[in-house]
Amino acid sequence: MTVSDIRHFMKISQVSGVDRYLFADPDGRVIAHNFKTYQSAGRMVALCAKNAQAIAGQRLEYLVFKRQNNQDLLIFPVGKYYLGVIKQSDIPDGEVTGNILAFIKSMPETMMN
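Anyway, here's the lowdown on the structure attached to this text.

Parameters at a glance
- Residues numbered from 1 in each chain as written.
- Predicted model: local features only at pLDDT ≥ 70, side-chain atom pairs only at ≥ 80, totals over all residues.
- Heavy atoms only, no water.
- Helix = DSSP H or I, 4+ residues; strand = E, 2+ residues; numbered from the N terminus.
- Expected span 1.5 Å × (residues − 1).
- Buried < 20%, exposed > 50% of the residue type's maximum accessible area, 1.4 Å probe, protein only.
- Arc of directions from axis to C-beta.
- Polar contact = N/O pair within 3.5 Å; in protein donor to acceptor, adjacent residues only side chain to side chain.
- Contact = heavy atoms within 4.5 Å.

### What about helix α2 (residues 39-56)?
When the terminal C-alpha atoms of α2 are compared, their 26 Å separation across 18 residues agrees well with the 26 Å that a helix rising 1.5 Å per residue should span. Considered for burial, the residues of α2 that qualify are Ala41, Gly42, Val45, Ala46, Ala49 and Ala52. Mapping the buried residues of α2 onto a view down its axis gives an arc of 135°, with all of them on the same face. Looking at α2, the residues exposed on the side facing more than 90 degrees away from the buried face are Ser40, Ala54 and Ile55. Following α2 by one or two positions, Gly57 has its phi on the positive side, about 70°.

Given below as C-alpha cells:
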C-alpha cells in the first residue's frame, strides 16, 4: 500500500455517519486512524474480523457491535486489511454501513490487494 493509497483511505473520515475510524493490517498494525488510543483497538479489529471471516468466509460484508450509547462499532474487510468504524450515534446503522460500503467500492483496485 502506497502513501497515496493511505491518503485516499483517510477520506473515510468524511463519509456521513463516521465518527472515528481505524485501518489495520491482518496482524492488527494500524495504518491510519483518528482514534485517541489505537494500538489495542487495531489488534481487536483484526482479531474480530479474522474470526468472523473464518465462520462466514468471503460472504462477510461487515460486523456490527451494538453499544448502549448508539456509537456502534462497525468492522469491514477491505482487501487484506480491516476497517473499524465508530459511527455517529444519531445516524442509523443501515445508513452508515451503506455509505461505508459505497466508499469501499469506490476505492482504487490497487488498495484492495
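### Quick look at the side chain of Lys87
The residue Lys87 is located in strand β5 (residues 81-87) in this model. Here the side chain of Lys87 touches Ile91 through a polar contact of 2.5 Å, landing on its backbone oxygen. Once you skip the residues sitting within four places of it in the chain, Lys87 turns out to touch Gly17, Asp19, Asn70, Gln71, Asp72, Leu74, Pro92, Asp93 and Val96.

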